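# Topology and contacts: notes
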Amino acid sequence: MLGAASFGDWIGLLATGLFASAQFSNSAAQGAAFGGTIAVRLLPALLLGPIAGVFADRFDRRYTMVIVDLLRFLFYGSIPLVPLFGGSPALTVTWATIATFIGETITLIWIPAKEAAVPNLISKSQIEVSNQLTLVTTYGITPILAALGLSALTAGVQHSGVSLPDWAQPVQLALYMNALSRLATALVVFFGIREIGGKSAERRAAAEQSMSRQFLDGWQYIGRTPLVRGLVLGIFGAFAAGGVVIGAARTYATSLGAGEAAFYLLFGTIFLGLAVGIGLGPMIVKDLSRRRWFGMNIVLASGSVMFLGLAFHLSMALVGALLVGAGAGMAFLAGTTLLYGEVDDAVRGRVFAVVQIGVRMVLLLAITLAGLLVGLGSSRRVDLGAISVDISSTRVLLLVAGAIGIWVGIGSFRQMDDKKGVPILADLIGSVRGRPLAPPEEFVRTGLFVVFEGGEGAGKSTQVNLLADALRADHLDVVVTREPGATELGARIRGLVLDASSHEPSPRAEALLYAADRAHHVATRVRPALERGAVVISDRYVDSSLAYQGAGRTLPVQEIAWLSSWATGGLKPDLVVLLDVDPGVGLGRVSARGVGTDRLESESKAFHERVRYAFLDLAAADPKRYLVLDAARPAEELAGEVAARLSGMLAGTPAQSAPTSAFSKSASGESPLEEMAEVLDLDESPKS
Ligand SMILES: Nc1ncnc2c1ncn2[C@@H]1O[C@H](COP(=O)(O)OP(=O)(O)O)[C@@H](O)[C@H]1O
Ligand SMILES: Cc1cn([C@H]2C[C@H](O)[C@@H](COP(=O)(O)OP(=O)(O)O)O2)c(=O)[nH]c1=O
């Protein structure tokens, strides 16, 4: 029902503007009448908006809504009557302006009353859904219906060729519809939603205060709460972007070489985008942080406004308009839902008055200003071979408005980000897949985390020990560890998962057991060591799970990645040394060792092939973090390469300040570590 009323609102907005401009024949006067009438709708918000929230908090909301709607019915209904009773064009426009002004003014009291009433009718967990419904009907579906209805009405009448009586012209009909929708709302609220009426004890107590005190309290609350302040500004920004597009749509449609129909199409498409964004957005991003989503959407909406500025074909423009709408709608939804959650109950009515009224004001202001600005500028046609583009003030306006919007969006994202350090795109993709990323656990990390990965018998243990000995000989604080089984708990898990005699765990259970071992290992050994500045060398880490459980067992690799990231709190190694070897060679080395095979070693050749290529893929995806070595080469040579890579990384870590010995050239020249010692020679490094 409230949706039907806002249908009336929007059709009224369009219709009054068009109605006023239709009273004149020359195009300058038409433009002025259109802009002027719309500007009038915005004035009352400036004057009255701020106290409307107080009003809605003080008086019985049911009666407030009903009285306002009856008045709006009378005023809006009177507009089309003036010319019927012989009013001159000037008188008609004057009355349309005055009646619109009054109607718009009292609407300011209606909106906060409704907004404040709705939360009392629903439970907290349904707030986002309820906001979705309200917003889709207010800003999404109904304006589309309004624009479509109006253009269909106009087109239908033109095509049918019948001449309608004066009182039944399409625009007149639209105005009657607007008025009648108000009457209907009044009746429904009065007879149908009685629970809106009455006042809580708190509200009665608050009403004892003076109105001005209540008013000031509301503004002070917004001013001193950074999140609320940021949200309010961000919401306004998103709507300004949408407004600029609507305001510029007329000239913009012309610059695309498309006519009147394209204007309605663009207008409708923006609101279709709003509906789609508000309706489907939460379903798509699922549990993504709403604070992050808010900023992202402002950037999306603004970026799309810029895209519109560059679009040279109507189809591109429609895509842009759809995205502008979707971004603005999702920002508005995230913003209002956050506001419901973050705003203290006592001031909610006033905060929402500011938001609701501010949004209309910003929207209308942006529409009007954009309309005026594009009217002022001229346009020049530029030929680019196959295509020619209008470089017009409209496009410049869109580009500038979009750029400002992006700046606002990034600003509000930074201010409100509740997952600092989590990459944005990965977080978004993870959320869409149903697994938002957790922020990395905070800790001061001064050490260096080196991991050796590779298949069975690749020589990991050998290299781990060579590196550790070399670093220790240099008096570095070194912690050698491995997965699975480095902790007491881990040893028991290792037994469960690898014992050839124990029952084989199912693939998911196996993945969870490795993750459990890793979580405990990272929390109790790796992090503490890194915090104190040690070099931690681990035989296997996350990549083993991705390769063995993901590629080997063919569980979805993304899920394993998410599980590992959760288990480790997001801890990533500084360097992964991948010892790449043909599985045949590696397994041959293992059996030559003659200690019998564990459960995984006895897997098929195909399994080990998959594991090998999974490791190589991971390395290829992040070459900076990886050192890939051919593990068939002699162990000493490999150790030298590892040392070369580490020498650069060690410079600057606290571990480096230890005195040198094995790493200096003077150390034993016969040592198999000679090569490594040379590369790591700290005497030659710039810092020592
Ligand atoms: N580069 C190498 N070339 C030849 N044999 C090697 C090399 N590195 C290690 N080995 C031998 O291969 C076997 C497996 O090595 P190990 O370090 O235990 O591998 P992993 O820890 O990867 O299973 C051991 O007997 C080891 O002496
Ligand atoms: C860490 C980890 C190991 N594994 C497997 C790989 C190995 O086959 C096994 C134990 O690795 P490892 O300790 O290297 O065994 P070994 O010293 O006998 O070579 O566990 C996984 O499947 N997923 C994991 O996450």
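The structure presented is a predicted model; accordingly, all values stated were derived computationally and were not measured. (Residues numbered from 1 in each chain as written. Chains lettered and ligands numbered in written order. Predicted model: local features only at pLDDT ≥ 70, side-chain atom pairs only at ≥ 80, totals over all residues. Heavy atoms only, no water.)

### A closer look at the packing of aromatic side chains
- All chains considered together, the criterion is met by 7 aromatic pairs.
- When the ring of Phe-190 is compared with that of Phe-191, the centres are 4.9 Å apart and the planes differ by 85°; the resulting orientation is edge-to-face.
- Within the aromatic cluster, the residues linked to one another by ring pairs are Tyr-63, Phe-190 and Phe-191.
- Over the ring of Trp-110 we find Arg-182, and its NZ or CZ is 5.5 Å from the ring centre. (Phe/Tyr/Trp six-rings, centres within 6.5 Å; stacked < 30°, edge-to-face > 60°. Lys NZ or Arg CZ within 6 Å of the ring centre and 35° of its normal.)

### Regarding the site of ligand 1
- Neighbouring ligand 1 are 14 residues, the closest being Lys-460, Ser-461, Thr-462, Arg-593 and Arg-633.
- The separation between a nitrogen atom of ligand 1 and a polar main-chain atom of Arg-633 is 2.8 Å.
- Between Ala-635 and ligand 1, the recorded distance is 3.4 Å, taken from a backbone N or O atom to a nitrogen atom.
- The fraction of the free accessible surface of ligand 1 (560 Å²) that becomes covered by protein chains is 72%.
- Of all elements in the fold, only α18 (460-473), α23 (583-593) and α25 (635-650) reach the threshold of two or more residues within the shell around ligand 1.
- With 3 residues, α18 is the single largest residue contributor to the shell around ligand 1.
- Here the shell around ligand 1 is built from residues that sort into 5 nonpolar, 5 polar and 4 charged. (Near = heavy atom within 4 Å. Polar contact = N/O pair within 3.5 Å; in protein donor to acceptor, adjacent residues only side chain to side chain. Areas by Shrake-Rupley, 256 points an atom, 1.4 Å probe, with all protein chains shown as cover. Helix = DSSP H or I, 4+ residues; strand = E, 2+ residues; numbered from the N terminus. Nonpolar A, V, L, I, M, F, W, Y, C, P; charged D, E, K, R; others polar.)

### A closer look at the UniProt feature "binding site: ATP" (unreviewed entry) in the chain
- If you check UniProt for "binding site: ATP" (unreviewed entry), the listed places come out as Gly-454, Gly-455, Glu-456, Gly-457, Ala-458, Gly-459, Lys-460 and Ser-461 in our numbering.
- By the secondary structure assignment, Gly-454 is in strand β3 (residues 448-454).
- Sequence-distant contacts of Gly-454, defined by excluding residues within four places in its chain, comprise Lys-460, Arg-540, Tyr-548, Leu-578, Leu-579 and Phe-615.
- Looking at where Glu-456 falls in the secondary structure, it is placed in the loop between β3 and α18. (UniProt positions renumbered as here; feature names shortened; annotations may be inferred. Contact = heavy atoms within 4.5 Å.)

### Comments concerning helix α20 (residues 507-531)
- Compared with an ideal rise of 1.5 Å per residue, which puts 25 residues at 36 Å, α20 spans 34 Å between its outermost C-alpha atoms and is within 8% of the ideal.
- Most pronounced at Val-522, the bend in α20 amounts to some 45°.
- Among the residues making up α20, those that are buried are Glu-510, Ala-511, Tyr-514, Ala-515, Asp-517, Arg-518, His-521, Val-522, Val-526, Arg-527, Ala-529 and Leu-530.
- Packed against the buried residues of α20 are β3, β4 (478-482), α19 (488-498), β5 (535-539), α21 (542-552) and α22 (557-568).
- Just beyond α20, the residue with positive phi is Gly-533, at close to 100°. (Expected span 1.5 Å × (residues − 1). Bend = angle between axes of the 7 residues up to and from the residue. Buried < 20%, exposed > 50% of the residue type's maximum accessible area, 1.4 Å probe, protein only.)

### Here we look at the site of ligand 2
- As a structural note, the neighbourhood of ligand 2 is formed by 15 residues, with Glu-456, Arg-518, Arg-540, Ser-545 and Gln-549 the closest of them.
- Within the contact set of ligand 2, an oxygen atom lies 3.1 Å away from a side-chain nitrogen or oxygen of Arg-494.
- Within the side chain of Arg-518, an N or O atom sits 2.9 Å from an oxygen atom of ligand 2.
- Within the complex, 93% of the 550 Å² of free accessible area of ligand 2 lies under protein.

### Digging into the layout of surface pockets
- Volume-wise, the second largest pocket comes out at about 1000 Å³.
- In terms of lining, the second largest pocket is formed by 34 residues, of which the most central are Leu-437, Ala-561, Trp-562, Ser-565 and Lys-572.
- Elements with a contribution of two residues or more to the lining of the second largest pocket: α17 (424-432), β3, α21, α22 and α24 (605-621).
- Broken down by element, the residue count for the lining of the second largest pocket peaks at 7 residues, all from α22.
- Considered class by class, the residues forming the lining of the second largest pocket number 20 nonpolar, 7 polar and 7 charged. (1 Å grid on protein atoms, 1.4 Å probe; cavity = no way out; pocket = protein on both sides within 12 Å on 5 of 7 lines; lining within 4 Å. Points joined across faces, edges and corners; volume = space filled by probe spheres on them.)

### Things to note about the nonpolar core
- By size, the foremost hydrophobic cluster in this structure holds 73 residues, and its most contacted members are Ile-235, Leu-339 and Val-351.
- Only α7 (127-160), α10 (211-224), α11 (226-255), α12 (260-285), α13 (290-310), α14 (314-342), α15 (348-376) and α16 (393-416) provide two or more residues apiece to this core.
- Ranked by the residues each element gives to this core, the list is headed by α11, at 16 residues.
- Each of domain 1 (1-208) and domain 2 (229-439) contributes no fewer than three residues to this core.
- What Ile-235 contacts, discounting residues up to four positions off in sequence, is Phe-294, Phe-332, Gly-335, Thr-336, Leu-339, Val-355 and Val-359.
- If you look at the next biggest cluster of nonpolar residues, it comprises 30 residues, including Val-451, Val-522, Leu-555 and Ala-567. (Core = buried A, V, L, I, M, F, W, Y, C linked by side-chain atoms within 4.5 Å. Domains from an automatic or database assignment.)

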